[in-house]
2 protein chains.
Amino acid sequence: MKTHKILFLPHNQEITVPDGQTLIRAAMEAGVHINASCGGEGVCGKCRVIIEEGNVDEGITEKLNDDDLEKGYRLACKAIIRGDVTVRVPVESEVDASVLNMQRTARRTAQIVQPNFEDLKEQGLFIPPVEKIYLELPEPSVQDNLPDTSRLVSFLKLNHDEHRLVVSLPVIRQLPDIMRKDNFRVTATLVRPVQKGRKSHIIRIEPGDTTERNYAIAIDIGTTTIYGQLIDLKTGESLAEAADFNGQISYGEDVITRIVYAEKSGGLEKLHDVVVGTMNKIIKKIIRKARVERDEISSVTLAGNTTMTQLLLKVNPRYMRRSPYVPAATIYPPINAASLGLDVGEHAAALVYPQISSYVGGDIVAGVMGSGMYRNEELTLFMDIGTNAEIVIGNKDWLACAACSAGPAFEGGGIQFGMRAAKGAIEDFSINPLTLEPMNITIGNVRAKGICGSGLIIMVATMFEMGILDSQGKFNRDLDTSRIRQTDGIWEYVVVWQEDTQIDRDIVITEVDIENLIRAKGAIYSGCQTLLDEVGMDIDMVERIILAGGFGSYVDLEKSMTIGLLPEMDPDKITFIGNSSLMGARMSALSNHIRSDVTEVTRKMTNFELSETRSYMDHYVAALFLPHTDIAKFPKLKARLENRAQ
Amino acid sequence: MKTHKILFLPHNQEITVPDGQTLIRAAMEAGVHINASCGGEGVCGKCRVIIEEGNVDEGITEKLNDDDLEKGYRLACKAIIRGDVTVRVPVESEVDASVLNMQRTARRTAQIVQPNFEDLKEQGLFIPPVEKIYLELPEPSVQDNLPDTSRLVSFLKLNHDEHRLVVSLPVIRQLPDIMRKDNFRVTATLVRPVQKGRKSHIIRIEPGDTTERNYAIAIDIGTTTIYGQLIDLKTGESLAEAADFNGQISYGEDVITRIVYAEKSGGLEKLHDVVVGTMNKIIKKIIRKARVERDEISSVTLAGNTTMTQLLLKVNPRYMRRSPYVPAATIYPPINAASLGLDVGEHAAALVYPQISSYVGGDIVAGVMGSGMYRNEELTLFMDIGTNAEIVIGNKDWLACAACSAGPAFEGGGIQFGMRAAKGAIEDFSINPLTLEPMNITIGNVRAKGICGSGLIIMVATMFEMGILDSQGKFNRDLDTSRIRQTDGIWEYVVVWQEDTQIDRDIVITEVDIENLIRAKGAIYSGCQTLLDEVGMDIDMVERIILAGGFGSYVDLEKSMTIGLLPEMDPDKITFIGNSSLMGARMSALSNHIRSDVTEVTRKMTNFELSETRSYMDHYVAALFLPHTDIAKFPKLKARLENRAQ
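All figures in this text were calculated on a predicted structure; none of them were measured in a lab.

Peer 1: Help me get a handle on the overall build of chain A, residues and values and all.
Peer 2: The helix and strand inventory of chain A stands at 18 helices and 30 strands. The globule rule puts the C-alpha radius of gyration for 646 residues at 26 Å, and the 29 Å found for chain A is close to it. With the C-alpha coordinates of chain A rotated into their principal frame, the extents come out at 105 × 60 × 50 Å. Here chain A holds 646 residues, and 60% of them are scored as buried. The long-range fraction of contacts in chain A, counting pairs at least 24 apart against all pairs at least 6 apart in sequence, stands at 68%.

See below:
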């Protein structure tokens, strides 16, 4: 990837950025504040900078007159970096300059670390649970007139070390004709047992050698989005991918509303049909893309949270939302995929990723597997942050998990101008500590519509560290700015004035919003603390953090530590695992060894119901501060705050 | 049972018979010849006897005048025995009296010996493969919120020593609601594995304790008739029984014509539907009779020959009628009964009795099991005589089996006046060695319509022993009787004159009929000889014979030895096992131990294709005599014949 060096003056901050990035994003990453209201659309005209050396593309709008252009002024939000550049940010006074050292830290998200599927081969683990074996059976004769099924089974015993085989009735029905189509040369498709020594199931028999064409579909059944991947079981490669919104969204945004719907008469069947509909659309698409026949799909591996899994399997999730929150099952036997309504051949096996409990699902188990935390010494914290945040703590010796009801703040819910991470959401933010003017960057570089979860964290962290917010999340009432004001008795900060928005209203962040965010992060932090408590450990013993879920890829690590969402640690020790659910489904499709490990890990993991664990409430109350009642838990932040106070 | 002593004079033969029998049957059993043409209907008036002491009921027709009655004459065929009686058979000359010592031996059929199901309990083997277990599960709490399925499985592990369990998706779907219906008190229905240490399957879950009501249906799928039995799995008792003709009869009388029909387009599906139709009629009937609910049936055990089994399971039997005669399978996994179309609850398991080969089916295996021959030292010969005769030879150390194509002679097929063993069939026969007049008894004591298989054997054996037939089955052309004559160049004996029949034609037995019978018995005898040859033994080493199949209950043992159908041996060592197929289905329903043994026995039994075994043809040709080329194999008969010749 082509990169360029950008030097910001007078800050003297240098940063390397990829070709094609905007100047304003480069500034944000470098921790250089530039006043910017409109999110990057170029309409407020505030983000004027001077190009001192080098050149940028564009950055010219009617907000700049000829004189400005002559002097090298450009709008940072529209200027595209195509080479090394030296940029001067105009500062209006010496006072301005004096606060340069109080700039925000560079934005830092977690690096994605996913298991390398190539490694599976090297480790000899690339043995799919559903395998095709080519067999040249001896032809029957008068001296050897074994029944067809026995001929197949005994040959597999003798030559392939398969000692426990089940041949289902549908396969027995096909055997006689298929065996005789190509002189008793056949390809058998086997589903291996999860546990060694158990029975393998023969699910298909074809004439001749078809081992070259053996495929699996891996599906992540997300509450919002469903992802599918078509995998070549011969090479391990992913041949095609597709995603679509889960059709169940019309029946409820989150798992709880879906469960409620499923309890209505006919509701479960409806939700089942709808999700199968979405899955079939995806299956159709990836089968076509990969030029694979429907009948060449041998397995469909499925991963999702416990609710999504039960709805797909038409298992009523009613008791999952009532104390003591019991799911119907967490481990399912292999299921005939077509019997679920999936549009694949009659023989294909559906392998369902195991779950832990009602609110710790297959996606989380997959993350634990993919991160390898169950094999390492290091005490690792695994988190999937969302409305329902799931956490797993442990190492190779023990694993404990819990679900925290964080509320929807991280997804923009319960926040006055909160929104999902979509076009127009403020996702990055900085503030001038003297003027209290903001620097807003939106997703898509358009005028703002609202604030997304990761943007909210950055805002609160930034304002707290600058003393604009106190540790209780209240605005400093003495600051001299029209942006901090009281509306209907509630204090707020105006992030974007009406005229620079898409929604024709001031976009504000209120003390109520901040309280909701504090509750959300407090729920998660205290969840971790409670789990550790239960095993006699403390949160500062955590050596590694794995983030999962969409939110994990965007969240600013340092800012998350500042608000007390994450425990303070070296950001290098924090990684993001991507779509762990899809990854899990893919791992299961490729390696029966991993599939066995998964079942073991599932059995080994202890689930805690936080709401029913005595110490949880105490930990929660203590976490309802920025960053925490006990600032000593955040020594670096404490040092920075003390430094600022001097 | 009330019995009476009958003394026949001048023979001085005494016999004990049950109350209500006719005099003519008593005479036949005692080996006393009385001329009788009309089969017992009382119309020929030939069977006149004098009651010398005691009394009989009836026996009076217009064939007797007042004078006759005065003298004590009665018709033996109509006289009913109600007390001890002395009867004189009028002999017309001294010559007649001199042949009294040449009378036929008393009729002797095999005694029925079936396994005693009560013994199963004593031996601790009464553990049905499908069992109900009542469980009082701990209620979930916050401290113990295992998934419902895990709660069930771990309780069974801990308290019932069930360490390998599979819970199918349909059961998982029901679990949550059913568990909560009666405070986590449930009854689980388990299907145990055939082999110890394999997995048990939970197929049903009910609220509360329903262990008192657990039933099985055992079905014998006969080619002609289907029998069903409803069994109480709590007590082992049979509560109801019903039978019906197999609806497939309209599509072919025997297995070969059924296989041919199944090969036609849609034929297999049709035959499947039709047999399921018959089975459902029977199921409906016995469920109603026994006052059992459809849902209380936990298992349906099925036994039948290989063709019947494949047709029921919708497995095309095409290759079974072509060399090398390969069935699709002989051992089937448990199958969902409803999926076969059987009218029982969704959960009921269908357990199919294993077969050995295309022509040695589950009925034969069942007989081997029920007779215990696989556990005994004695060299035992098991035979099911019919169009396709199946034979098993062996003991606890080895078992060999074969099917012989005997042809339909034993069922009256290929015999000019042959018929099935139905009303009007001559089933017993004797002949006056001087006058060559017959004594015929028909089924139902009505005028004759024809001759059934067992009657045919008696006729041929009797006439051979009296020298009316020679060892090649040809009539002695020198005898002075109008009953032996030539019609269209074929020699025959008139068994019943036209006027005494129901069919208004002379009923005859021809040399062609006798040739067919000799071929049939030769096929079976040489089959036994061939099997024994293959293991280096001879037929005179056989210590015990078990007969099965409908024919086995009627066949006269001594007469069968005389024609060379059975090897010569003490009739006490020959037993009849009854409907072995139904018995097998019942055994499977009651005892999983037996079910396991069956699978072992099936694996152990060596099947021979006689038509492809070199020595078979030689043995067959040698057996095409009465009783055999080598008369030394039948020493008792040889002695009798020599005695007669003197």
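Peer 1: Quick one: what's the story with the sheet that holds strand β12 (residues 200–207) of chain A, residue by residue and with numbers?
Peer 2: Residue and element names in this part refer to chain A. Read across the sheet, four strands follow the order β9-β11-β12-β10 without closing on themselves; strand pairing throughout is mixed. Every interior strand has two partners, whereas the edge strands, β9 (130–136) and β10 (165–167), have only one. Neighbour to neighbour, the strand axes of the sheet diverge by 35 degrees on average, direction disregarded. Here β9 pairs with strand β11 (residues 185–191) via seven bridges, running antiparallel. Among the inter-strand pairings, L135 is bridged to a residue of β11, identified as V186.

Peer 1: Can you break down the packing of aromatic side chains residue by residue, with the values?
Peer 2: With the rule as written, the count across this model stands at 10 aromatic pairs over all chains. Look at A:Y616 and A:Y620: their rings are 6.1 Å apart centre to centre, the planes differ by 15 degrees, and that puts the pair in the stacked class. Of this pair, A:Y616 and A:Y620 both sit in helix α17 (residues 616–622), four residues apart, which is roughly one turn of the helix. The same class applies to A:Y616 as to A:Y620, namely buried. Centre to centre, the rings of B:Y251 and B:Y261 are 4.9 Å apart; their planes meet at 55 degrees, and the pair counts as tilted. Of this pair, B:Y251 sits in the loop between β15 (238–245) and α7 (255–263) while B:Y261 sits in helix α7, and the two are 10 residues apart along the sequence. Overall, the relative accessible area of 23% leaves B:Y251 in the partly exposed class. Lying across the ring of B:Y319, A:R180 places its NZ or CZ 3.9 Å from the centre. For B:R48, the ring lying beneath its charged end belongs to B:Y73, and the centroid distance is 4.7 Å.

Peer 1: Give me the lowdown on the sheet that holds strand β26 (residues 490–496) of chain B, citing residues and values where you can.
Peer 2: All names here are of chain B. Taken together, three strands build an open sheet; the order of strands is β25-β26-β27 and the sheet is antiparallel. Strands at the two margins of the open sheet, each flanked by one partner only, are β25 (484–487) and β27 (507–510). Here the average twist between neighbouring strands, direction ignored, is 45 degrees. In this sheet, β26 lies alongside β25 in antiparallel orientation, the contact comprising four bridges. Opposite I484, over in β26, you have Y493 as the bridge partner. Packing of helix α11 (residues 453–465) onto the sheet brings it into contact with β26 and β27, and relative to β27 it is tilted by some 60 degrees.

Peer 1: Tell me about the pattern of salt bridges, and name the residues and values.
Peer 2: Residues and elements named next belong to chain B. Applying the stated criterion across every chain yields a total of 78 salt bridges over all chains. For E162, the salt bridge is made with R192, and the minimal N-O distance between the two is 2.4 Å. Of the two residues, E162 sits in the loop between α5 (148–160) and β10 (165–167) while R192 sits in the loop between β11 (185–191) and β12 (200–207), which places them 30 residues apart along the sequence. The exposure class of R192 is buried, given its relative accessible area of 15%.

Peer 1: Provide a residue-level description of the relation of the copies chain A and chain B, including the pertinent values.
Peer 2: Between the two copies, chain A and chain B, the superposition gives an RMSD of 0.2 Å; the rotation angle is 179 degrees and the shift along the axis is 0.1 Å. Here the transformation between the copies is reduced to the relation of a two-fold axis. Relative to the rotation axis, the closest C-alpha in chain A is found at A:R198, a distance of 3.9 Å. The overlap is high: 100% of the interface residues of chain A also sit at the interface in chain B, so the same surface is used on both sides.

Peer 1: Run through the environment of A:Q472, naming residues and quoting values.
Peer 2: Residues and elements named next belong to chain A. As for its placement among the helices and strands, Q472 is situated in the loop between α11 (453–465) and β25 (484–487). C-alpha separation for the pair Q472 and L566, spaced 94 residues apart in sequence, amounts to 18 Å. Setting aside residues up to four positions removed in sequence, Q472 forms contacts with I518 and F625.

What counts, and at which threshold
- Residues numbered from 1 in each chain as written.
- Chains lettered and ligands numbered in written order.
- Predicted model: local features only at pLDDT ≥ 70, side-chain atom pairs only at ≥ 80, totals over all residues.
- Heavy atoms only, no water.
- Helix = DSSP H or I, 4+ residues; strand = E, 2+ residues; numbered from the N terminus.
- Rg over C-alpha atoms; globule rule 2.2 N^0.38 Å.
- Buried < 20%, exposed > 50% of the residue type's maximum accessible area, 1.4 Å probe, protein only.
- Contact = heavy atoms within 4.5 Å.
- Pairing = 2+ DSSP bridges.
- Axes fitted to C-alpha atoms, helices over the stretch in contact; angles between N-to-C directions.
- Phe/Tyr/Trp six-rings, centres within 6.5 Å; stacked < 30°, edge-to-face > 60°.
- Lys NZ or Arg CZ within 6 Å of the ring centre and 35° of its normal.
- Salt bridge = Lys/Arg side-chain N within 4 Å of Asp/Glu carboxyl O.
- Least-squares fit on C-alpha atoms with pLDDT ≥ 70 in both.

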